[in-house]
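Listed here are the chains, written in short residue letters.
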Amino acid sequence: RFFLDQPPVAGEVTFDEAESQHLAKVMRANVGDMVVGFDGVGIEYQIELISVGKKKVIGTVRQQEEVSREAARQLTLAVALPKGDRQRWLIEKCVELGVARLIPLLTQRGVAQPVEKAIERLRRAVIEASKQCERNVLMEVAEGQTLEQVLASQPEVALMLHPSGDAIQPATIAAAGQVLGIIGPEGGFSEEEVAQAAAAGCQVVSLGPRILRVETAALAMASLVTIPPGP
Ligand code: SAM
């Protein structure tokens, strides 16, 4: 599966340099090979390669269809990002679990303040994870936002995860089409931030008695919201 950053023109697609290198050097693709392409907004293409260069691969679209593998409930996670490799791991798992949007959250005790270059790296990680998990719509990675900006978005249900919050109520989530989950940094939210969220109508909820790392809390939240319960 290969990402298309441009829609087809007259039935032809040109892969960007990174995808062309993956096709030509790693996969050793040849003219005549069939590959699957996806455009990041929901369309999947069956593509026959007609030209294979090390930096530019071109193909003809043989078939295309809209294939959605999105979660029924739309989840936005505002997360005070952890550092280094844990950041990339978090992104990868959020993509797999069907999170719609990730907002790097700027908090009082945050350790990793997202700069433009880091956000670009995370967006590239979204593409890589989408290729692997067969997701056709890219998870949005927004620019960093303050808690005040995040709270202003007014989703149907907003949950701030906090170890000393009230027990989470699955019924609240089950009734909602859109959910916002807010996850704090390793040092936790300050009392001022918790009060600010509560005043804005956010439910302050706990995931149990153990302290989870930022990425564990994010993924626990994602699985509660995006994986539909069986009959
Ligand atoms: N000592 C910090 C505190 O008490 O908040 C621990 C912070 S924890 C490592 C990082 C973030 O993960 C928290 O701010 C919270 O959003 C979330 N989190 C971790 N464990 C949690 C739990 N049991 N219930 C709810 N949220 C949790």
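It should be emphasised that the depicted structure is a prediction, and the values quoted were computed from it without experimental measurement.

Undergrad: Please provide a residue-by-residue account of the domain arrangement of the protein chain, values included.
TA: By domain assignment, the protein chain separates into domain 1 (2-66) and domain 2 (74-226). Each partner contributes to the interface: domain 1 provides 7 residues, whereas domain 2 provides 5 residues. Considered class by class, the residues forming the side of domain 1 that touches domain 2 number 4 nonpolar, 2 polar and 1 charged.

Undergrad: So what's going on with the site of the ligand? Which residues, and what values?
TA: The immediate surroundings of the ligand are formed by 17 residues, with Leu-161, Gly-184, Gly-188, Leu-212 and Ala-217 found nearest. Where the shell around the ligand is concerned, the elements lending two or more residues are β10 (157-167) and α7 (214-226). Per-element accounting of the shell around the ligand gives the leading share, 3 residues, to β10. Its residues placed into classes, the shell around the ligand shows 9 nonpolar, 5 polar and 3 charged.

Undergrad: Tell me about the pairing of strand β3 (residues 34-38), and please be specific about residues and values.
TA: Sheet analysis places strand β1 (residues 2-3) next to β3, joined by 2 bridges and oriented parallel. Of the residues in β3, the one forming a bridge with Phe-3 is Phe-38. Bridging between β3 and strand β4 (residues 43-52) involves 5 bridges; their strand directions are antiparallel. Across the sheet, residue Phe-38 finds its bridge partner in β4, namely Glu-44.

Undergrad: Tell me about the environment of Gly-177, residues and numbers included.
TA: With respect to the helices, strands and loops of the structure, Gly-177 is situated in the loop between α5 (170-174) and β11 (178-183). Note on Gly-177: 10 C-beta atoms within 10 Å, which makes it exposed. In this structure, Gly-177 is in contact with Arg-73, Gln-74 and Glu-156, ignoring residues within four places of it in sequence.

Undergrad: Lay out the packing of helix α2 (residues 85-96) against α7 with the relevant residues and their values.
TA: Relative to each other, α2 and α7 sit at 5°, their axes nearing to 10 Å. Our classification of the angle between α2 and α7 gives roughly parallel. Side by side, α2 and α7 meet where Arg-86, Trp-89, Leu-90, Lys-93 and Cys-94 of the first sit next to Glu-215, Ala-218, Leu-219 and Ala-222 of the second. Considering only residue class, the contact of α2 with α7 consists of 6 nonpolar, no polar and 3 charged.

Undergrad: Explain the sheet that holds β3 to me, using residue names and the numbers behind them.
TA: One open sheet accounts for 5 strands, arranged β1-β3-β4-β5-β2; its pairing is mixed. Of all strands in the sheet, those with a lone pairing partner are β1 and β2 (12-14), marking the two edges. Relative to strand β5 (residues 57-66), β2 runs antiparallel, the two being bridged by 3 bridges. Bridge assignment links Thr-14 to a residue of β5, and that residue is Ile-58.

Criteria and thresholds
Residues numbered from 1 in each chain as written. Predicted model: local features only at pLDDT ≥ 70, side-chain atom pairs only at ≥ 80, totals over all residues. Domains from an automatic or database assignment. Contact = placed C-beta atoms within 7 Å. Nonpolar A, V, L, I, M, F, W, Y, C, P; charged D, E, K, R; others polar. Near = placed C-beta within 6 Å. Helix = DSSP H or I, 4+ residues; strand = E, 2+ residues; numbered from the N terminus. Pairing = 2+ DSSP bridges. Buried ≥ 20, exposed ≤ 12 C-beta atoms within 10 Å, placed from the backbone. Axes fitted to C-alpha atoms, helices over the stretch in contact; angles between N-to-C directions. Parallel < 35°, antiparallel > 145°, perpendicular 65-115°, else oblique.

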